[in-house]
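What follows is the residue order along each chain.
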Amino acid sequence: MLRFSRSKIIATVAIIVIGLLLAVPSTMNREQRQAYLNAIPSWIPSWLVPSRAIVLGLDLQGGSHVLLEVDQQDLLRGQITLLRDDVRRILRDTRVSSQNGIQTVQRGVQIRVPDAADRERLMPRLRELSQPIGNAMLGQSGGNSVQINTTPDGVITLTYTDAGINERVRRAVDQSIEVVRRRIDATGTTEPSIQRQGADRVLVQVPGLQDPQQLKALLGETGNLEFRLLAQAGATDVDMLPMQDAGGQRVPVERRVIAEGGDLTDAQPAFDSQTRQPIVNFRFNIRGAQRFGQATTENLGRQLAIVLDNRVISAPTIQSPITGGSGQISGSFTVEQVNNLAVLLRSGALPAKLTIVEERTVGPGLGRDSIEAGKLATYVAAVFVVLFMFATYGVFGLIANIALLVHVGLIFGLMSVLEATLTLPGIAGIVLTIGTAVDSNVLIYERIREEVRSGRSIVSGIQAGFDRAFATIVDSNSTMAIAALILFFLGSGPVRGFAVVFILGILTTVITAVTLTRMLIALWYQWMRPKVLPF
Amino acid sequence: MRLIRLWPENSHFDFMRLRRFSFPLSAVISIATAIVLVTIGLNFGIDFKGGTLMEIQAKSGQADVAQIRRTAEGFGFGDVEVQEFGTGGEVSLRFPIQAGGESAQAAVVQKARDTFSNEYDFRRVETVGPRVSGELVQSGTIGVVLSVIAVLFYLWFRFERELAVASIIGTLHDIVLTIGFFVITRHEFNMTSIAAILTIVGYSLNETVVVFDRTRELMRRYKTMPAEELLNLSINHTMSRTIMTAVTTALSLLALVLFGGQAIQGFAQVMLYGVVICTYSAICISSPMLIYIGLRGSESVKVPEGRAAAAE
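Because the structure is predicted, anything quoted here is derived from the model rather than measured.

(A) Looking closely at helix H7 (residues 213–220) of chain A. Within H7(A), burial applies to A:Leu215, A:Lys216, A:Leu218 and A:Leu219. All buried residues of H7(A) fall inside an arc of 160 degrees around its axis, so they share one side. The inward-facing, buried residues of H7(A) contact strand S2 (63–70), helix H6 (162–186), strand S8 (201–207), helix H9 (335–347) and strand S18 (354–362) of chain A together with helix H4 (106–116) of chain B.

Listed below in structure tokens is the structure:
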């Protein structure tokens with residue numbers, strides 16, 4: 001009947017109190033939370049102290065959300081170049097010549113070796129280029145990275161397989177995350193979140209960043225630095241590359257790379273002592289210093305080509321051999337450009353170009369306004385519903401209101417423990433929950449009224465009301481939960497925040513609307529012993 | 001003692017008669033929605049259409065909309081929509097998606113920032129490229145379809161097949177009418193709108209389930225009562241709860257519409273409309289639909305005799 005055992009009451013109250021305590025850290029700002037954590041006596045084990053708090057979404061605290069995608073075309077182009085270099089090396093090693101050189105085909109390269117004996121020598125070496133994909137130790141096999149086809153007349157085609165490309169993309173995303181992290185850290189930005197998303201994307205979230213222009217400039221460059229030589233007249237093995245200073249005019253640059261970004265140990269922005277121009281000072285590692293020293297000694301008087309992402313950013317004349325292992329990049333740069341360049345060189349090159357496919361930035365003012373508006377709407381909704389419930393159900397309305405307030409408190413408590421993200425749609429979810437949470441109470445109360453009207457005593461009416469309404473409560477909340485779950489799995493960012501609030505709201509209803517309400521009504525009954533229902 | 005009574009006790013209103021008006025009415029509105037959806041179409045936001053949205057606020061508190069429009073049109077980024085909103089000199093700018101793939105979108109933001117940042121604060125900047133917008137359309141559509149299917153199976157499992165089918169018809173009706181609302185009011189249709197539609201799906205079923213729960217219970221008690229009478233009784237029994245819940249939900253949504261701020265207002269308005277539509281369809285569409293589908297068609301009232309007797 002309406003009796004609650006003491007232990008049951010204690011258990012219910014304990015769960016609710018713990019749930020509400022968990023919400024406490026979320027009510028404080030950062031400094032208050034620190035002060036509160038410091039104030040806790042040290043003899044209390046830390047896991048007993050609620051310390052986790054709700055995270056505010058970027059739409060509420062302001063900040064930038066940038067979604068980057070690894071450019072697969074660019075990556076494949078780079079991979080094909082590598083493959084071509086490998087094939088050239090193998091042809092040289094085995095002293096086999098291809099009749100029409102090395103042709104680039106879609107996804108790979110092609111050579112033509114009509115002589116069978118030559119092919120015999122060549123093929124084992126070429127097969128080494130095709131590596132199995134997956135972790136060999138675990139015995140997984142995802143096929144090979146490169147497929148080799150041979151025709152009877154001696155045309156050999158090496159192409160990357162789908163699995164090979166996917167594997168490469170996966171690795172490229174991992175590498176990109178590292179490089180992106182180094183670049184963002186170099187700007188002194190606090191607490192950036194950088195994570196993989198899907199197969200080929202990196203999501204960067206930077207709270208508090210108002211203008212992601214610099215961030216985008218930094219992430220938009222691959223950062224591939226090469227030291228080469230400007231080609232002399234009549235040279236063959238050259239690339240025509242645009243020159244930054246000369247309005248994009250193309251100049252011939254030797255293919256041979258003297259040293260590259262990976263050979264640098266440091267790069268710092270500075271000012272030239274004579275011209276007061278912004279420059280970048282760099283230092284080579286041993287290998288780079290050696291090769292650079294040798295090349296500058298041999299090519300005195302010629303022009304160096306400093307190439308960044310296939311643009312010649314500077315082409316100084318070699319005045320004297322540079323053997324000390326350090327140098328500078330000068331040109332017509334702004335201060336911001338040399339700062340970015342130094343960061344790019346220090347952080348290393350990206351494995352492929354990253355493209356920005358989505359950007360969302362919210363200024364701190366808008367975030368603050370949204371929080372204020374959300375708070376106001378929450379209070380107003382609560383007042384509306386509380387008054388309405390009281391006017392309709394009297395004492396039972398009061399009990400439902402207590403359950404409602406506990407319900408909202410528990411949502412915050414659960415969100416704190418889960419360190420869930422509260423977004424603007426999430427606030428809307430909380431407000432909406434205020435309206436729907438009382439539904440369970442309404443179902444129960446209306447049922448009680450019906451039962452009492454059909455001749456039951458108050459006690460048995462209350463009992464039957466709870467019992468019969470329960471199945472309906474489960475059904476009506478389940479349908480809501482299904483819709484919310486699907487939203488959670490498909491939505492992203494702010495919308496997901498809405499789904500989280502809604503799902504947690506449905507879970508806590510069971511505790512508050514059913515258990516807590518029942519207990520309070522039982523206590524009220526034992527105290528008042530009423531003869532008629534109060535509504 | 002009770003101050004408010006929204007529905008009389010022991011009512012015997014003939015809700016089933018309403019179907020003579022509600023069926024044709026809903027049919028007409030649904031067809032009209034299909035027509036306006038095709039001819040006018042939804043006002044897709046940048047989530048689904050791609051492009052760039054900016055909200056800027058005049059530092060002086062006074063925005064010169066005409067000036068902004070002239071300047072922005074001069075950028076050469078296509079048709080730009082410029083709109084003033086709020087009271088503090090806030091202006092929104094919408095640029096269409098730029099040809100030239102993912103990287104072409106950044107130029108819009110760059111240009112606008114360079115031009116306006118002296119006199120205006122950038123409160124929000126969102127750019128969605130063609131690929132992401134395509135994916136969002138896909139996941140939004142999957143979400144709505146999947147939720148309808150999932151709920152159908154849940155209802156089938158919990159209730160008889162006839163009840164499940166009737167509730168899904170009601171839910172589809174609510175989705176269609178909500179989309180019609182989006183078309184007519186020109187509310188922006190974006191990812192938050194999908195959230196609103198899914199919430200409406202949940203609420204719609206919630207309403208129907210409460211009525212059908214009662215129908216199922218009454219079916220066990222009155223084994224020979226005709227469907228029409230049974231349904232009328234179910235709705236009359238649950239009517240005060242239906243009204244109570246609709247009112248409390250509407251009250252909290254009203255608070256959102258009035259005070260929730262511009263960004264959330266659209267969502268709240270749609271939901272408010274949804275609450276009205278869901279309540280209507282549970283009573284005037286799903287329930288009378290059962291008269292035609294056949295309430296005891298498969299005679300699958302799975303209840304042991306003993307319990308049915310006890311309920312009397």
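(B) Quick peek at unusual backbone geometry. Residue and element names in this part refer to chain A. A positive phi angle, near 45 degrees, is found at Asp-309, a position not held by glycine. The residue Asp-309 is located in the loop between strand S15 (304–308) and strand S16 (311–314) in this model. The class of Asp-309 is partly exposed, set by 16 C-beta atoms lying within 10 Å. A positive phi angle, near 50 degrees, is found at Glu-419, a position not held by glycine. Turning to its location among the elements, Glu-419 is positioned in the loop between helix H11 (395–417) and strand S19 (421–422).

(C) Focus on the sheet that holds S15(A). Residues and elements named next belong to chain A. Strand order in the open sheet made by the four strands is S12-S9-S15-S16, with antiparallel pairing throughout. Among the strands making up the open sheet, the edge pair consists of strand S12 (259–260) and S16. The pairing of strand S9 (residues 225–229) with S15 spans five bridges and is antiparallel. When the sheet's bridge partners are listed, Phe-227 is paired in S15 with Ile-306.

(D) Quick peek at the confidence of the model for chain B. Residue and element names in this part refer to chain B. Scored by pLDDT, chain B comes out at a mean of 87, with 94% of its residues at no less than 70. Contacts of residues 298–312 to residues separated by more than four positions or lying in other chains number 11 contacts, the stretch itself having pLDDT below 50. Interface confidence for the predicted complex, given as ipTM, is 0.87, next to a pTM of 0.83.

(E) Summary view of the nonpolar core. In terms of nonpolar packing, the biggest core is built from 204 residues, with A:Ala428 and A:Val431 touching the most fellow members. Among the elements that make up this core, the one with the highest residue count is helix H9 (residues 262–293) of chain B (17 residues). Discounting chain neighbours no more than four positions away, the residues touching A:Val431 are A:Ala377, A:Thr378, A:Ala381, B:Ser252, B:Ala255 and B:Leu256.

(F) Up close: the sheet that holds strand S5 (residues 146–150) of chain A. Residue and element names in this part refer to chain A. As summarised here, the arrangement of the four strands in space is S3-S4-S6-S5, forming an open sheet in which the pairing is antiparallel. The two strands at the open ends of the sheet, each matched to only one other strand, are strand S3 (103–105) and S5. Across the sheet, the mean angle from the axis of one strand to that of its neighbour is 25 degrees, orientation sign disregarded.

(G) Structural view of the confidence of the model for chain A. Averaged over all residues, the pLDDT of chain A equals 87, while 98% of them reach at least 70. Across chain A, the element-wise mean pLDDT spans from 83 in H7(A) up to 94 in H11(A).

(H) The arrangement of the domain arrangement of chain B in detail. In terms of domain boundaries, chain B breaks down into domain 1 (15–43 + 133–311) and domain 2 (51–128). Here domain 1 of chain B and domain 2 of chain B have C-alpha centroids that lie 40 Å from each other.

(I) Geometry of the domain arrangement of chain A. When cut into domains, chain A gives domain 1 (6–60 + 365–528), domain 2 (72–133 + 142–166) and domain 3 (225–333). Each of domain 1 of chain A and domain 2 of chain A has a C-alpha centre, and the two are 64 Å apart.

(J) Summary view of the interface of chain A and chain B. With 63 residues of chain A in contact, the opposing surface of chain B contributes 62 residues. The class makeup of the residues in the side of chain A that touches chain B is 35 nonpolar, 16 polar and 12 charged. Across five bridges, S18(A) lies against strand S5 (residues 120–128) of chain B in antiparallel orientation. In the sheet register, A:Glu359 faces S5(B), and the bridge partner there is B:Thr127.

What counts, and at which threshold
- Residues numbered from 1 in each chain as written.
- Chains lettered and ligands numbered in written order.
- Predicted model: local features only at pLDDT ≥ 70, side-chain atom pairs only at ≥ 80, totals over all residues.
- Buried ≥ 20, exposed ≤ 12 C-beta atoms within 10 Å, placed from the backbone.
- Helix = DSSP H or I, 4+ residues; strand = E, 2+ residues; numbered from the N terminus.
- Arc of directions from axis to C-beta.
- Contact = placed C-beta atoms within 7 Å.
- Pairing = 2+ DSSP bridges.
- pLDDT = per-residue confidence, 0-100.
- Core = buried A, V, L, I, M, F, W, Y, C linked by C-beta atoms within 7 Å.
- Axes fitted to C-alpha atoms, helices over the stretch in contact; angles between N-to-C directions.
- Domains from an automatic or database assignment.
- Nonpolar A, V, L, I, M, F, W, Y, C, P; charged D, E, K, R; others polar.

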